[in-house]
Amino acid sequence: MSDSKWRLKSINWKQAIILVILTTLLIGIVYVQQSDTYRYDMKQLVAPLNFQRNYDKPKILQYSTFFGTVDSNMIAAFKKNFTGMCDVNCVVTDEKDEIGSADGVLFHLKDIVWHGTQYLRSDTGIMFSFPTFRHPDQVWVLYNQEPLSLLWGSLGTFQGVFNWTLSYRRDSDVFVPYGIPRKVDMSERNIESMRDEDNYFKQKTQDGAIAMISNCKDDARRYKLIEYLKKYINVKVYGRCGEGRLDSSKEDIQKQYKFYLAFENSNCVDYVTEKYWRSLTSGQIPLVAWRNNMTGVVIPESYINIFDFTDITKAGEYIKRVNDNATLYNSYFKWKEAYETHSPRALCELCKKLHEKAKRRQVYLDFKGWLTNDTCQQLTVSIACNH
């Protein structure tokens, strides 16, 4: 082989290697960019129309049921005195024939997805019927307060259907968590008086923790944590998954315990339910098991997180120390000097959004992608059988 041919082949090999390296780098860059923008690519902006919505008093139509029923009393209360329940004014209705005049149409996810529950038997084959009319400027809103790990059914059915999401997740278009921490004006509070009057340790008659658990599915493995904690403190579990429900005459028993076991059934993004918020209003320290960062979702220094410790032994020993030490126990209520708890109403928050004239028009092209972009998995038959 001549020297010139050898040099030509050497150059071709070098070029090929350089080309492979550059291609690999390019693919890596594209992948990273897609990973960073994936959540935004799930939505697509829609060009605004000349249609004028009723910004002074938007109409909200609750089109689907809510867990199989229509809360007529709630609808009637909002119809009678919307401004008394919210800071803004809207009209609310559940009459489906008003679809033509509705500004926002509300659908509850668990009621439109097939899932074998008490109110939709798995053998019926019933499918949800969507409206046959849709105005181009009408906002269709999907309402969901359940974690991904409790959702059955095909979520890919709803690609390109909904404009807004309403849920406990902070990346929802309408953010409606189970509770909201509100900072208060310190000048309006008599801090010394609060400290003198509130000896929460002294008010408790029961050591240890109490839990109310009615959903026995355990995606978060909370029952294992409960068994570990029983080695260090007294733990009583009531509800369908424990010693049965407490009747109304015994509901005050909960407040007598020093801790409330606020372990969620799932470790999902931003998923903090009434368990945590209820314990705060009951004057208890919530014991939580959050693997995700909940900063901004909850009140700082108001709880003890099992996963803030290196192991369950250290967590149990610390909780036992708090249980026995009045000063340490009462320190977990200093948050009351700077915060209040607030329970937002879904219809109120949706009404506020409908009043925003600058709100961008959009549609979820990949609703399933948005919903499943989470730290927990959707419930499947195989997952359910393994719990």
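Residues numbered from 1 in each chain as written. Predicted model: local features only at pLDDT ≥ 70, side-chain atom pairs only at ≥ 80, totals over all residues. Heavy atoms only, no water.

Trainee: Help me understand the overall build of the protein chain in this model?
Mentor: Looking only at helices and strands, one finds 14 helices and 15 strands in the protein chain. Looking at the protein chain as a whole, 43% of its 387 residues qualify as buried. Within the protein chain, counting contacts between residues at least 6 apart in sequence, those at least 24 apart form 78% of the total. Counting every atom, the protein chain has about 21400 Å² of accessible surface; 51% of that belongs to carbon and sulfur. (Helix = DSSP H or I, 4+ residues; strand = E, 2+ residues; numbered from the N terminus. Buried < 20%, exposed > 50% of the residue type's maximum accessible area, 1.4 Å probe, protein only. Contact = heavy atoms within 4.5 Å. Areas by Shrake-Rupley, 256 points an atom, 1.4 Å probe, with all protein chains shown as cover.)

Trainee: Where do I start with the nonpolar core in this structure?
Mentor: Across soluble globular proteins, nonpolar side chains show a tendency to be buried alongside one another. In terms of nonpolar packing, the biggest core is built from 45 residues, with L229, F259, L261, F263, Y276, L287 and I304 touching the most fellow members. Those elements that provide at least two residues to this core are β9 (206-212), α7 (222-229), β10 (235-238), β11 (257-261), α9 (274-281), β12 (285-288) and α10 (312-324). In this view, L261 contacts A209, I210, A211, I226, L229, V235 and L287; residues no more than four positions away in its chain are not counted. Within the second largest apolar cluster, 26 residues are counted, among which are L61, I99, C268 and L371. (Core = buried A, V, L, I, M, F, W, Y, C linked by side-chain atoms within 4.5 Å.)

Trainee: Help me out: how do you make sense of the packing of aromatic side chains in this one?
Mentor: Each aromatic ring pair is specified by the distance between its two centres and by the angle formed by the two planes. As enumerated under the stated definition, the model contains 24 aromatic pairs in all. Three or more aromatic residues link up through ring pairs in this structure, and these residues are Y63, F107, F130, W140, F158, F162, Y364, F367 and W370. Between the NZ or CZ atom of K96 and the centre of the ring of Y63, over which it lies, the distance is 4.7 Å. It is R169 that lies over the ring of W370; its NZ or CZ is 4.1 Å from the centre. (Phe/Tyr/Trp six-rings, centres within 6.5 Å; stacked < 30°, edge-to-face > 60°. Lys NZ or Arg CZ within 6 Å of the ring centre and 35° of its normal.)

Trainee: Is there a simple way to explain the pairing of strand β6 (residues 164-167) in this structure?
Mentor: What you see with β6 is no split at all: W164 and L166 on one side and T165 and S167 on the other are buried throughout. Note: strand β5 (residues 139-144) against β6, four bridges, orientation parallel. Opposite V141, over in β6, you have W164 as the bridge partner. In this sheet, strand β7 (residues 174-175) lies alongside β6 in parallel orientation, the contact comprising two bridges. Pairing of L166 across the sheet is with V174, part of β7. (Pairing = 2+ DSSP bridges.)

Trainee: For this particular structure, what's the right way to read α7?
Mentor: Helical geometry: 3.6 residues make up each α-helical turn, so side chains three or four residues apart lie on a common side. Every buried residue of α7 is accounted for by R222, L225, I226 and L229. Buried residues of α7, seen end-on, are gathered within an arc of 100° and therefore sit on one face of the element. Buried positions along α7 lie against β10, β11, α9, β12 and α10. (Arc of directions from axis to C-beta.)

Trainee: Sorry, what's going on with the confidence of the model for the protein chain here?
Mentor: In regions of low pLDDT, the predicted coordinates are not meant to be interpreted in detail. On average, residues of the protein chain carry a pLDDT of 80, and 74% of them reach 70 or more. The model gives residues 2-11 a pLDDT under 50, and that stretch makes two contacts with residues more than four places away or in other chains. The low-confidence segment residues 380-385 (pLDDT under 50) makes six contacts with residues lying over four places distant or belonging to another chain. (pLDDT = per-residue confidence, 0-100.)

Trainee: Can you help me understand the environment of D94 in this one?
Mentor: Following the sequence through the fold, D94 ends up in the loop between β3 (91-93) and β4 (104-108). Taking relative accessible area as the criterion, D94 reaches 23% and is therefore assigned partly exposed. Separated by 22 residues in sequence, D94 and S72 place their C-alpha atoms 8.7 Å apart. Contact partners of D94, with chain neighbours within four places excluded, come to L61, Q62, V70, I75 and K79.

Trainee: Would you mind going over the sheet that holds β5 with me for this structure?
Mentor: Through backbone hydrogen bonds, the strands of a sheet pair up, either in parallel or in antiparallel fashion. Across the sheet, which stays open at both edges, the six strands sit in the order β3-β2-β4-β5-β6-β7 with parallel pairing between neighbours. This sheet does not close on itself; its edge strands, each paired only once, are β3 and β7. As paired elements, strand β2 (residues 59-62) and β3 share three bridges and run parallel to each other. Paired with L61 across the two strands is T93, which belongs to β3. Where helix α2 (residues 72-80) meets the sheet, it contacts β2 and β3, and its direction lies at approximately 155° from that of β3. (Axes fitted to C-alpha atoms, helices over the stretch in contact; angles between N-to-C directions.)

Trainee: What am I meant to see in the sheet that holds strand β13 (residues 304-305) here?
Mentor: The strand order β10-β9-β11-β12-β13 describes an open sheet built from five strands, whose pairing is parallel. Edge strands, defined here as strands with exactly one partner in the open sheet, are β10 and β13. Alignment of β12 against β13, held across two bridges, turns out to be parallel. Bridge assignment links V288 to a residue of β13, and that residue is N305. The strands touched by α7 within the sheet are β10, β11 and β12, with β10 carrying the most contacts at an inclination of about 145°. Sheet strands in contact with α9 are β9, β11 and β12, and its direction is about 160° off that of β12.

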